[in-house]
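Summary of structural features
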Amino acid sequence: TWKWLLSSPPIEWGVSLLQSIFINSIKQGPVPQHVAFVMDGNRRYARKSHLETAEGHSLGFEALAKILEICYKSGVKVVTVYAFSIENFKRSKYEVDALMDIAKIKLSQLSQHGDLLDRYGASIRVLGRTSMVSPDVLEAINKATAMTKHNTKAILNICFPYTSRDEITTSIRKIVSLSMSAPNNASPPSSPSLSDSSDTSTSTHTSTTATANHLSPPTPPYADIESICEQTIEEHLFTHGCPPLDLLIRTSGVQRLSDFMLWQCHQETDIIFVDDLWPDFDVWTFLPILLNWGLKRKK
């Protein structure tokens, strides 16, 4: 009965109106430019609902689509999601294979012309060690990034497969490689602004595979090792070019980062832990978080 009532046209109209009021209020104040999500709780949701684990993950991707729409409507420029950890390869082959199949399907759905990302001008970037996935999954990744590369207003970073320690290690490895190959008279590179969101969307598809794992900023080699600093590492991270991380949200009540965005979390990042399992995390939980973030920044 409740589902029938909530799906009736008058109720849907009222809910949509209330949602618009919330979003307009959010847009009046500061809006986080970069929001990240640890989408935790899909397996527990499946167990609680007596579903197959794969169905829980599938419902999690559906929840993501709703949250993405709220982000882009509110003015968020970059959304980063933790879709698959390198550590997840230790799970059963059945679950890993199911996750890979779901990823292929959802990447295709997200990147369809005229769908969600096209409507809000968002391009897909896949961050992580993509060499670990099978050729068919890699093909789906390349196709999704290619189909959305014309979008320049916003970014969806999908961390898959990813750990923050691997990201930092890869960044340092690139810098060391540049330092070792640098001619003696090479000068250290200039440091571009990381908060220029207009550049982030247009500089993320220079790789032939269109994955952030292969992206390198167009900078000269590092001849002087003493010139290497924090910003040097930032310039070689997978998230190079993205604005600083303003807000990180983890669902399911677990209060840890689980090797996600360790470098990007800084003194200005708000980290919010919510009890909802990810498939239960809805716009009415998320909208107040966005609104409160803006109100805090106004003070």
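Worth saying up front: this structure is predicted, and the values here are computed from it rather than measured. (Residues numbered from 1 in each chain as written. Predicted model: local features only at pLDDT ≥ 70, side-chain atom pairs only at ≥ 80, totals over all residues. Heavy atoms only, no water.)

**Regarding helix α7 (residues 135–148)**
Spanning 14 residues, α7 covers 20 Å between terminal C-alpha atoms, matching the ideal 20 Å at 1.5 Å per step. Buried within α7 we find V137, A140, I141, A144, T145 and T148. Across the axial projection of α7, the buried residues extend over an arc of 125°, all falling on one side. Across α7 from its buried face, at more than 90 degrees, point the exposed residues P135, E139 and K143. At its buried positions, α7 is contacted by α5 (93–111), α6 (116–119) and β3 (122–127). (Helix = DSSP H or I, 4+ residues; strand = E, 2+ residues; numbered from the N terminus. Expected span 1.5 Å × (residues − 1). Buried < 20%, exposed > 50% of the residue type's maximum accessible area, 1.4 Å probe, protein only. Arc of directions from axis to C-beta. Contact = heavy atoms within 4.5 Å.)

**A few points about helix α8 (residues 164–180)**
Here α8 contains 17 residues, and its C-alpha end-to-end distance of 24 Å stays within 8% of the 24 Å for a straight helix at 1.5 Å per residue. Restricting attention to buried positions, one finds in α8 the residues S164, D166, E167, I168, T170, S171, K174, I175 and S179. Taken together, the buried residues of α8 touch α10 (230–234).

**Focus: the pattern of salt bridges**
Tallying each qualifying case throughout the model produces 14 salt bridges. Linking R44 and D40 is a salt bridge whose minimum nitrogen-to-oxygen distance equals 3.2 Å. Using a relative accessible area of 33% as the deciding quantity, one classes R44 as partly exposed. Across the pair K93 and D97 runs a salt bridge, and its minimum N-O distance is 2.6 Å. With K93 and D97 both in helix α5, this residue pair falls 4 residues apart, about one helical turn. By relative accessible area, which is 63% here, K93 ends up exposed. According to the relative accessible area criterion, D97 is partly exposed, its value standing at 33%. A cluster of three or more residues bridged by salt bridges with shared partners is formed by D40, R44 and R250. (Salt bridge = Lys/Arg side-chain N within 4 Å of Asp/Glu carboxyl O.)

**Side note on the nonpolar core**
One finds F37, L156 and F160 to be the most contacted residues of the largest nonpolar core, which totals 50 residues. Among the elements that make up this core, the one with the highest residue count is helix α4 (residues 53–74) (8 residues). With residues up to four places along the chain from it excluded, the contact list for F160 reads A83, F84, M100, A103, V126, L127, G128, T130, V133, V137 and I141. Grouped together as the second largest cluster of nonpolar side chains are 12 residues, A36, L245, L248 and C265 included. (Core = buried A, V, L, I, M, F, W, Y, C linked by side-chain atoms within 4.5 Å.)

**A look at the packing of α4 against α5**
The angle between the axes and the distance between the axes are what describe a pair of packed helices. Put simply, α4 and α5 touch, their axes get as near as 10 Å, and they point 30° apart. Compared by their axis directions, α4 and α5 come out roughly parallel. Here α4 runs over α5; the crossing is right-handed. Taking contact as the criterion, the partners of T53, A54, H57, S58, F61, E62 and L68 in α4 are, on α5, E95, A98, L99, I102, K106 and L110. (Axes fitted to C-alpha atoms, helices over the stretch in contact; angles between N-to-C directions. Parallel < 35°, antiparallel > 145°, perpendicular 65-115°, else oblique. Left-handed = near helix turned anticlockwise from the far one by under 90°.)

**Concerning the packing of helix α2 (residues 9–28) against α4**
At a minimum axis separation of 9 Å, α2 and α4 run at an interaxial angle of 45°. With respect to their mutual orientation, α2 and α4 come out oblique. Taken together, the residues of α4 that come into contact with α2 (itself represented by Q19, I23, I26 and K27) are I70, K73 and S74. A class-by-class count of the residues in the contact of α2 with α4 yields 3 nonpolar, 2 polar and 2 charged. (Nonpolar A, V, L, I, M, F, W, Y, C, P; charged D, E, K, R; others polar.)

**Some details on the sheet that holds strand β1 (residues 34–38)**
The strand order β3-β4-β2-β1-β5-β6 describes an open sheet built from 6 strands, whose pairing is parallel. Each edge of the open sheet is held by one strand with a lone partner, namely β3 and β6 (270–273). The average angle at which neighbouring strand axes cross in this sheet is 15°, direction not considered. Two strands pair when backbone bridges link them, and strand β2 (residues 78–82) and strand β4 (residues 154–159) are joined in this way by 5 bridges, in the parallel orientation. (Pairing = 2+ DSSP bridges.)

**Remarks on the packing of aromatic side chains**
Taken as a whole, this structure holds 13 aromatic pairs when the rule is applied. Judged by centre distance (6.0 Å) and plane angle (70°), the rings of F22 and W284 are edge-to-face. Remark: W284 occurs in helix α11 (residues 283–298) and F22 occurs in helix α2; sequence separation between them is 262 residues. Relative accessible area serves as the criterion here: at 33%, W284 is assigned to the partly exposed category. (Phe/Tyr/Trp six-rings, centres within 6.5 Å; stacked < 30°, edge-to-face > 60°.)

**Examining the confidence of the model for the chain**
Considering every residue of the chain, the mean pLDDT works out to 86; 83% of them sit at 70 or more. Below a pLDDT of 50 lies the segment residues 185–216, which in the model reaches 69 contacts outside its immediate sequence neighbourhood of four places, other chains included. (pLDDT = per-residue confidence, 0-100.)

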